[in-house]
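# Descriptive structure summary
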Amino acid sequence: MKTVNHWIGGKTVEGATGAYGPVYNPATGAQDTQVALASVEEVDAAVAAAKEAFRSWGTVSLSKRTAILYKYRELLDANRDEIAELITAEHGKVHSDALGEVARGLEIVELACGIAEKLKGELSTQVSTGVDVSSIRQPLGVVAGITPFNFPAMVPMWMFPVAIACGNTFVLKPSEKDPSASRRLAELATEAGLPDGVLNVVHGDKVAVDRLLEHPDIAAVSFVGSTPIAKYIQSKAIEHGKRVQALGGAKNHMLVLPDADLDFAADNAINAAYGSAGERCMAVSVVVAVGDIGDDLVKKIADRAAKLRIGPGNDPASEMGPLITKEHRDKVAGYVHGAAAQGAEVVVDGTGYTVEGHPECADGFFIGVSLLDKVPPTADAYRDEIFGPVLCVVRAETYDEAIELINSSNWGNGTAIFTRDGGAARRFQLEVEAGMVGVNVPIPVPVGYHSFGGWKDSLFGDHHIYGNDGVHFYTRGKVVTTRWPEPSEEVGINLGFPKNH
Ligand code: NAD
């Protein structure tokens, strides 16, 4: 049995408590790995290592920091395949998709390589006679990241490259369901020359998370995960005086107007709904078909769904892998089983799927893809974030009816419109209540130099993640007002509030 241990102060630290969590290979259902679950004392050790490292890292020159990040980028690039294999083994997603995740994480390391440009301050000369004012941004100190299972490499990379490039030190608490990839990311950072203690990984569950939220030496917390936990993280972090950004769950709608190319829309709906088995916070989980295109569109999606190849992620022929756990697979199946009684038409029922040609996958956490049509907004399948390969189709008579439906959702992560009408797309961009909008693009995850974040219950806090918002989140502003008086200059005594002149 492989054991995944902590990475503290630039080296492996074995779990001291004897508490371990199971890590499964979702394709086989076997538990061949365990992960150490940190105690309060082990979290404290990681925070202490980060605090000690901050004493020097916070003042290391930009050129030295950047040189390490460039080297890190090269090492990640050279080790893409290995990281993707770790992801596939513990998460289940297919290798090509895991490689895509690593590539999108690398984008943020590349952003961090250019941090000097982002940290340039502002200077105003002669704001008053002989007086200059400059605005600078400085690191916060020790910051923490808490991440979900569905992107075990990319989501940590949304956080720590920007944080450490800005001069902070970092404690990462990755998902305990697939911990190996983030551990490897930290090892490679040390190999790239990152000083010990700048990036630490503590594995664990609620015990570790709560300690990070309470610890007086943690200045800020970035969280990505489900909405109920995001809300909890935000309130507890604020209670303990910390800066916090907490990204939550989603229910992303794809609106298809009657003038859209329906084959193009159907291809995109399939890719965005069933890619990574629907375990993406930007997955399309609802298609809103406007006007009389519903029957044609549903048929096109169903025809394509029937041809998808589902199997283990390490088989290059597989297009979709299993779900993360057996419990999650059964929960997803429950939404499909309950849909008809709640008024939906079950067009494709993927529950009960078994993988052929791979006897080792008999106990894997597989489920086929499902397509539900005419789903009433009151049905559980519409109201809840299913986080599996279940696509709901809702019919709307008009654009206005469709946008009202989308805007009445509690979530507002991503959304997309499919149309050939530029005016309609422009109206949608302005009217829709979501943080990330695609126009004929189903999964509009922003590139690294823009910021990622949703609205409503998809993000708690004022800053989106990475891009300029990330730099702002991980730094605080300082304004310096300077005067170098001439030797002959006299101020005299004047108790009035200083005026500029
Ligand atoms: P989760 O909320 O269960 O877990 C996220 C993290 O919180 C993990 O590290 C976990 O150990 C920790 N955690 C879980 N329960 C906790 C508790 N009671 N107290 C303290 N910490 C706790 O999420 P998940 O199942 O790992 O990931 C899937 C969810 O993440 C989905 O809802 C998905 O939409 C969301 N997600 C959102 C984004 C985004 O950018 N908005 C991106 C990826 C995933």
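Quick caveat: nothing in here was measured; it's all calculated off a predicted structure. (Residues numbered from 1 in each chain as written. Predicted model: local features only at pLDDT ≥ 70, side-chain atom pairs only at ≥ 80, totals over all residues.)

## A few points about the overall build of the protein
Our working rule: Comment: elements are numbered from the N terminus, with helices defined as DSSP H or I runs of at least four residues and strands as E runs of at least two. Our radius of gyration is a C-alpha quantity, and the globule rule it is checked against amounts to 2.2 Å times the number of residues to the power 0.38. Here the C-beta atoms are placed from the backbone, and a residue counts as buried if at least 20 other C-beta atoms lie within 10 Å of its own, exposed if 12 or fewer do, and partly exposed otherwise. This entry defines residue contacts through backbone-placed C-beta atoms, with two residues in contact when those atoms are within 7 Å.
Scanning the protein for helices and strands turns up 16 helices and 23 strands. Taken over the C-alpha trace, the protein has a radius of gyration of 25 Å; the compact-globule value for 501 residues is 23 Å, and the two agree within 12%. If you line up the protein on its principal axes, its C-alpha atoms span 85 × 60 × 40 Å. The buried share of the protein, reckoned over its 501 residues, is 52%. Long-range pairs, those at least 24 residues apart, make up 72% of the contacts in the protein between residues at least 6 apart in sequence.

## Some remarks on the UniProt feature "domain: Aldehyde dehydrogenase" (unreviewed entry) in the protein
For clarity, the threshold we go by: UniProt positions are given in the numbering used here, feature names are shortened, and annotations may be inferred rather than shown by experiment.
Following the UniProt record, one finds the feature "domain: Aldehyde dehydrogenase" (unreviewed entry) at residues 21-480. The straight-line gap between the two end C-alpha atoms of residues 21-480 is 50 Å; of that span, 40% is helix and 22% is strand.

## Points about the sheet that holds strand E23 (residues 475-483)
Sheet strands line up and pair through hydrogen bonds in the backbone, either parallel or antiparallel. Using the following cut-off: Any two strands between which DSSP finds at least two bridges are classified as paired. Here an axis means a line fitted to C-alpha atoms, over the contact stretch when the element is a helix, while the angle between two N-to-C directions is reported on a 0 to 180 degree scale.
Reading across the sheet, the three strands line up as E6-E7-E23 and stay open at both edges, with antiparallel pairing between neighbours. At either end of the open sheet lies a strand with only one pairing partner, and these are strand E6 (122-128) and E23. Within this sheet the neighbouring strands show an average axis-to-axis angle of 25°, counted without direction. Where E6 meets strand E7 (residues 131-139), four bridges bridge the pair, whose relative direction is antiparallel. Looking across to E7, one finds that serine 128 is bridged to valine 131.

## What to know about the environment of threonine 169
Its location among the elements puts threonine 169 in strand E9 (residues 169-173). What makes threonine 169 buried here is the crowd of 29 C-beta atoms within 10 Å. With 288 residues separating them in the primary sequence, threonine 169 and aspartate 457 have C-alpha atoms 29 Å apart.

## Here we look at the site of the ligand
Applicable threshold: By definition, a residue lies near a molecule or strand when the C-beta atom built from its backbone is within 6 Å of it. Polar here means any residue outside two lists: the nonpolar Ala, Val, Leu, Ile, Met, Phe, Trp, Tyr, Cys and Pro, and the charged Asp, Glu, Lys and Arg; Gly therefore counts as polar.
Near the ligand there are 27 residues, and of these Pro148, Gly225, Ser226, Gly249 and Cys281 occur at the shortest range. Taken together, the residues that form the shell around the ligand break down as 12 nonpolar, 10 polar and five charged.

## Regarding the domain arrangement of the protein
What counts is decided by this rule: As annotated, the domain borders come from an automatic or database domain assignment.
Entries for the protein in the domain assignment read domain 1 (2-249 + 454-480) and domain 2 (252-439). For domain 1 and domain 2, the distance between their C-alpha centres works out to 31 Å. Between domain 1 and domain 2, the residue contacts involve 23 residues of the former and 32 residues of the latter. Of all the secondary-structure elements, those providing two or more residues to the side of domain 1 that touches domain 2 are helix H3 (80-91), helix H4 (95-113) and strand E21 (455-456). Here the residues of the side of domain 1 that touches domain 2 are counted per class, giving seven nonpolar, 11 polar and five charged.

## A few points about the pairing of strand E4 (residues 20-25)
Pairing analysis gives six bridges linking E4 to strand E5 (residues 30-36), with the strands arranged antiparallel. Within the sheet, the bridge partner assigned to proline 22 lies in E5 and is glutamine 34. Between E4 and E5, which pair antiparallel and follow one another directly, the connecting turn spans four residues, one of which, glycine 29, has a positive phi of 80°.

## Here's the deal with the sheet that holds strand E17 (residues 390-396)
Pairing in this open sheet of seven strands is mixed, and the strands run E15-E16-E17-E14-E13-E19-E20 from one edge to the other. On the outer flanks of this sheet lie strand E15 (345-348) and strand E20 (436-439), each paired with one strand and no other. Strand after strand, the sheet turns through a mean of 20° between neighbouring axes, direction not considered. Alignment of strand E19 (residues 414-418) against E20, held across four bridges, turns out to be parallel. From the neighbouring strand, glycine 414 faces E20, where its bridge partner is methionine 436. Contacting strand E13 (252-256), strand E14 (284-290), E17 and E19, helix H10 (residues 262-274) crosses the sheet at an angle of about 155° to E14. Across the sheet, helix H14 (residues 399-407) is in contact with E13, E14, E17 and E19; its angle to E14 comes to roughly 160°.

## So, helix H2 (residues 62-78)
Stated formally: What a helix is expected to span follows from its residue count: subtract one and scale by 1.5 Å. Throughout, the arc means the angular range of directions from the helix axis out to the C-beta atoms.
In this model, H2 (17 residues) spans 24 Å end to end at C-alpha, consistent with the 24 Å of a helix rising 1.5 Å per residue. When we look at burial in H2, the residues that qualify are Arg65, Ile68, Leu69, Tyr72 and Leu76. The buried residues of H2 all sit within an arc of 100° when viewed along its axis, so they share a single face. Every exposed residue of H2 that faces more than 90 degrees away from the buried side is listed here: Ser63, Lys64, Asp77 and Ala78. Elements in contact with the buried residues of H2: H3, H4, helix H6 (154-165) and helix H7 (180-191).

## Thoughts on unusual backbone geometry
It is generally the case that most residues other than glycine have a negative phi and that most peptide bonds are trans. Its identity is not glycine, yet glutamine 126 carries a phi of approximately 55°, on the positive side. Residue glutamine 126 is classed as exposed on the basis of its 9 C-beta neighbours within 10 Å. Phi angles above zero are rare outside glycine, and alanine 277 is one such case at about 55°. Tracing the chain through its elements places alanine 277 in the loop between H10 and E14.

## Observations concerning helix H8 (residues 206-214)
Taken together, the buried positions of H8 are Ala208, Val209, Arg211, Leu212 and Leu213. The secondary structure elements touched by the buried residues of H8 are helix H1 (40-57), strand E8 (142-146), E9, strand E11 (218-224) and helix H9 (227-239).

## Examining the nonpolar core
To keep things clear, this is the line we draw: The nonpolar core criterion groups buried Ala, Val, Leu, Ile, Met, Phe, Trp, Tyr and Cys residues into a set whenever they are joined through C-beta atoms within 7 Å.
Core analysis: the biggest nonpolar cluster contains 89 residues, and Val162, Phe170, Val171, Leu212 and Val221 have the highest contact counts within it. Sorting elements by how many residues they give to this core places H6 first, with 10 residues. Residues contacting leucine 212, with those up to four places away along its chain left out, are Val43, Ala144, Ile146, Val171, Lys173, Ile218 and Val221. The next biggest cluster of nonpolar side chains, apart from the first, holds 72 residues, and it includes Ala269, Tyr335, Ile386 and Ala434.

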